[in-house]
Amino acid sequence: MLDKLLEERAKGNTSSAIKKLMGLQPKTVIVVQADGTEKQTAIEDVSAGDVILVKPGEKIAVDGMVISGNSYVDESMLSGEPVPVLKKEKEKVFAGTINQKGSFRFRAVKVGKETMLAHIIKMVQDAQGSKAPVQKLVDRIAGIFVPTVIGIAILTFTLWLILGGENGVVQGLLAAVTVLVIACPCALGLATPTAIMVGVGKGAENGILIKDAESLELAKKVNAIVLDKTGTITEGRPQVTGIKWLNNEDTAKEILLSIEKQSEHPLAEAVVKHLGDVATTSLSMFDSITGKGAKADHDNETYYVGNKKLLAENNIAIAGELQDQAEEWGKQSKTVIWFANSKKALAVIAIADKIKETSVQAIREMQEMGIDLYMLTGDNEATAKAIAEQTGIKHYKAEVLPQHKADFVKELQSKGKVVAMVGDGINDSTALATADVSIAMGKGSDIAMDVAKMTIISSDLTKIPQAIRLSKQTVATIKQNLFWAFIYNVIGIPVAAGILYPVNGFLLNPMIAGAAMALSSVSVVSNSLRLKWKK
């Protein structure tokens, strides 16, 4: 069995997170040859310079540059950005990202170990392998305690043998055995595991899954927390947060829904979901305009859905009330799209990744604990600033790549900080593996949860201060257990050795010593169980 484990370790198969990351790469790709024919090729055989065809829904195999076609690509595993990115000619694409509804061809630039995904895999491996386990306090005590007790037992027997007279051998043996019995380190051995067991169980009851004792013990020392934005502070799903209709007339919403249902743009899905109960209508001449929006005809009128540039190109007038609302939403870093006919704008729509209802409360609680909070996101500067202001976070960084998140964690650690990383995506996995305490959101990616030592099942940030309080209570209980186990032995061992015999002739019976030892274990377990009723 050991040989097999060592063999698997040598192959790098010890972490399921690594396996899942590797699973982001397809096994085969379609390579377009010089004569224009297409050939199914294993990913290992792809070389830099090969032209690869990517169809809708496929994973991109290697890093490269688009040479023809266009599509939206989900790059959330790299950037954390919830909205897919438009890729057109001369745009870079990366291995592991997922193509949406369009198709395109790109030329391979970096393959194999040179891709960004491969670098992420290597960083996760390095971060996981570099972590040294925290030496447990009880191990240090036991390393001194056990030989000390054996030495005391031998010394007790020797002293009784020398000073005990004709009954010295018998009394010495009884005293030595009593010392060993009363000092049997049951209470000492139970002090840590019972508290940890109850703490982990209480965490599970409250929706906090804790993988190991190390993270539970270390969480109390955390003085810096790095938060991902998308899916951690925010919900991670673009949603319509408001629609302003011209003169409050929404009679054309059926047309808006019908156009958006035919659009492949990811923001269109948010509008469709928002208008889900509205009936659709028939359209003609639907046309998707790359990078701008879409248009369609209805009852001899042309309607447009898209950005402001689309309206400007078609000389469409925008009323002051809609313009003012759009500017207000823009200041809040919301994405604004327009709905118009051929003459005037009919509505303006705001789309944003909403902040979770509990995020502001959780951030305030953590700050009250004296913890420094940092938000790292792949989003743009304006969005990051708006989210930071709304949640009360003082420190933030925008447009951050996965390796930069890990580097930032290391930077904080170099300053003496005990760092907790909270994230939910593949792009957070390296930073999670690097942090002292790693916390994943339960609604996030499997890879993030696999790397993290704690998982918040509900993805509710208020569970993080709760986990820190649980850590403090658990560690306090461990220290109490160790204290009482230590005091018990400090008092019990001298009495068992016969220190009172010269004073009043008292010798401790080995059976009573056994009962006292059992009672000390019961007291330690009972003290640990008190954790269940603490808030």
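Look up: the structure comes first, before these words.
Residues numbered from 1 in each chain as written. Predicted model: local features only at pLDDT ≥ 70, side-chain atom pairs only at ≥ 80, totals over all residues. Heavy atoms only, no water.

Just to check I follow, could you spell out empty space enclosed by the protein for this structure?
A probe as big as a water molecule, rolled over the atoms, marks out the empty space that is left. Inspection of every chain in the model, using the stated rule, returns one cavity of 30 Å³ or more. Residue lining of the largest cavity: Ala219, Val222, Ala420, Val437, Ile439, Met454, Ile464, Ala467 and Ile468, and that is the complete set. Elements with a contribution of two residues or more to the lining of the largest cavity: β20 (437–441) and α19 (463–497). With three residues, α19 is the largest single contributor of residues to the lining of the largest cavity. Its residues assigned to classes, the lining of the largest cavity comprises nine nonpolar, no polar and no charged. (1 Å grid on protein atoms, 1.4 Å probe; cavity = no way out; pocket = protein on both sides within 12 Å on 5 of 7 lines; lining within 4 Å. Points joined across faces, edges and corners; volume = space filled by probe spheres on them. Helix = DSSP H or I, 4+ residues; strand = E, 2+ residues; numbered from the N terminus. Nonpolar A, V, L, I, M, F, W, Y, C, P; charged D, E, K, R; others polar.)

Teacher, can you tell me more about the sheet that holds strand β9 (residues 208–210) here?
The strands that make up a sheet are held in pairs by hydrogen bonds between backbone atoms, and each pair lies either parallel or antiparallel. Spatially, seven strands are ordered β9-β21-β20-β19-β10-β17-β18 in an open sheet, and the strand pairing comes out mixed. Every interior strand has two partners, whereas the edge strands, β9 and β18 (395–397), have only one. In this sheet, neighbouring strand axes are inclined to one another by 20° on average, regardless of whether the strands run parallel or antiparallel. Direction of pairing for strand β19 (residues 419–423) relative to β20: parallel, over a ladder of four bridges. Within the sheet, the bridge partner assigned to Gly423 lies in β20 and is Ala440. Contacting β9, β10 (224–228), β19, β20 and β21 (454–456), α19 crosses the sheet at an angle of about 50° to β9. (Pairing = 2+ DSSP bridges. Axes fitted to C-alpha atoms, helices over the stretch in contact; angles between N-to-C directions. Contact = heavy atoms within 4.5 Å.)

Please clarify how the pairing of β10 should be interpreted in this entry.
Working note: regular strand, side chains alternate between the two faces of the sheet. Here β10 lies mainly inside the structure; five of its five residues are buried. Taking every second residue as pointing to the same face, both faces of β10 are buried, with Ala224, Val226 and Asp228 on one and Ile225 and Leu227 on the other. Alignment of β10 against strand β17 (residues 372–376), held across five bridges, turns out to be parallel. Across the sheet, the residue bridging to Ala224 is Asp372, located in β17. Relative to β19, β10 is paired through four bridges, and the arrangement is parallel. Note on β19: the bridge partner recorded for Val226 is Met421. (Buried < 20%, exposed > 50% of the residue type's maximum accessible area, 1.4 Å probe, protein only.)

Would you take a moment to explain the pairing of strand β15 (residues 335–341) for this structure?
For β15, the tally of buried residues reaches five of seven residues, placing the bulk of the element in the interior. Pairing of strand β14 (residues 301–306) with β15 involves four bridges; the strand directions are antiparallel. When the bridges of β15 are listed, Tyr303 appears paired with Asn341. Examined bridge by bridge, β15 and strand β16 (residues 345–355) share six bridges and lie antiparallel to one another. Counted as the bridge partner of Phe339 is Ala347 from β16. Hairpin connection between β15 and β16: a loop of three residues separates the two successive antiparallel strands.

What's the story with unusual backbone geometry in this structure? I'm lost.
What is expected of a backbone is that most residues other than glycine have negative phi and most peptide bonds are trans. A positive phi angle, close to 55°, is found at Asn247, a residue other than glycine. By secondary structure assignment, the location of Asn247 is in the loop between β11 (234–245) and α10 (253–262). Phi at Asn315 is positive, roughly 55°, even though this residue is not glycine. With respect to the secondary-structure elements, Asn315 resides in the loop between α12 (308–313) and α13 (320–331).

Honestly, helix α16 (residues 402–414) in this entry has me stumped. Any pointers?
Working note: α-helix, 3.6 residues per turn, so residues spaced by three or four point in the same direction. An ideal rise of 1.5 Å per residue puts 18 Å on 13 residues; α16 measures up with 19 Å between its terminal C-alpha atoms. Within the span of α16, buried status applies to Pro402, Lys405, Ala406, Phe408, Val409 and Leu412. Taken down its axis, α16 places every buried residue within 155° of arc, on the same side. One or two residues past the end of α16 sits Gly416, with phi positive at roughly 90°. (Expected span 1.5 Å × (residues − 1). Arc of directions from axis to C-beta.)

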